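Architecture and fold: a report
Listed below are the residues making up each chain.
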Amino acid sequence: MGSGIAKILRDRYPNLYPEYKKYCDQHTPEDLLGHCQLVQTGAKYTANLFGQLNYGRSKTRYTDYAALEKALATLKTEAKAKGLSVALPYNIGCGLANGEWSVVERIIGTVFEDYEVTLYKI
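Residues numbered from 1 in each chain as written. Predicted model: local features only at pLDDT ≥ 70, side-chain atom pairs only at ≥ 80, totals over all residues. Heavy atoms only, no water.

This next bit is on the overall build of the protein chain. Helix and strand counts for the protein chain come out as five helices and four strands. The principal-axis extents of the C-alpha atoms in the protein chain amount to approximately 40 × 35 × 30 Å. Of all 122 residues assigned to the protein chain, the portion counted as buried reaches 32%. Split by element, the accessible area of the protein chain, about 7500 Å² in all, is 49% carbon and sulfur. (Helix = DSSP H or I, 4+ residues; strand = E, 2+ residues; numbered from the N terminus. Buried < 20%, exposed > 50% of the residue type's maximum accessible area, 1.4 Å probe, protein only. Areas by Shrake-Rupley, 256 points an atom, 1.4 Å probe, with all protein chains shown as cover.)

If you want it as structure tokens, here you go:
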């Protein structure tokens, strides 16, 4: 949570990072792939989606598309159960994770074909 949207959220919601850290400490990094952790941040929830193990400035694709899809599916299930709206950052998994937006966008469209999701450019 040291850069990008994750850092913005970490700075905005003081309880987000400690909850994230506690959750991560209960799993190995590989076991986290595909998980979705919902954290109540004030009147809203913030979802930590575990769709990659690493990130960097190389041309390596770090986004694990299957793990991201699984995390998004869990997010949708949880959102439906709680009656929550879903908003995702445009280009999720494509910045330092080097995923291809056309692939990620297709995954989002498939997962949320029957549930509204809003994409935000930040």
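Let us now look at unusual backbone geometry. Backbone phi values are negative for most residues with the exception of glycine, while trans is the configuration of most peptide bonds. The phi angle at N91 is positive, at roughly 80°, despite the residue not being glycine. Turning to its location among the elements, N91 is positioned in the loop between β3 (86-89) and α5 (101-111). Phi is positive for N98, close to 60°, though the residue is something other than glycine. Locating N98 in the fold gives a position in the loop between β3 and α5. The exposure class of N98 is partly exposed, given its relative accessible area of 23%.

Here α5 has its buried residues at W101, V103, V104, I107, I108 and V111. Buried residues of α5, seen end-on, are gathered within an arc of 165° and therefore sit on one face of the element. If you follow the buried residues of α5, they end up packed against α4 (65-82), β3 and β4 (117-120). (Arc of directions from axis to C-beta. Contact = heavy atoms within 4.5 Å.)

In total, this model carries six salt bridges according to the counting rule given. Between K76 and D114 there is a salt bridge whose closest N-O contact spans 2.8 Å. Remark: D114 occurs in the loop between α5 and β4 and K76 occurs in helix α4; sequence separation between them is 38 residues. A relative accessible area of 14% places K76 in the buried class. Bridged by salt links that share partners, the residues K76, K80 and D114 form one connected network. (Salt bridge = Lys/Arg side-chain N within 4 Å of Asp/Glu carboxyl O.)

Keep in mind these numbers describe shape, not what the thing actually does.
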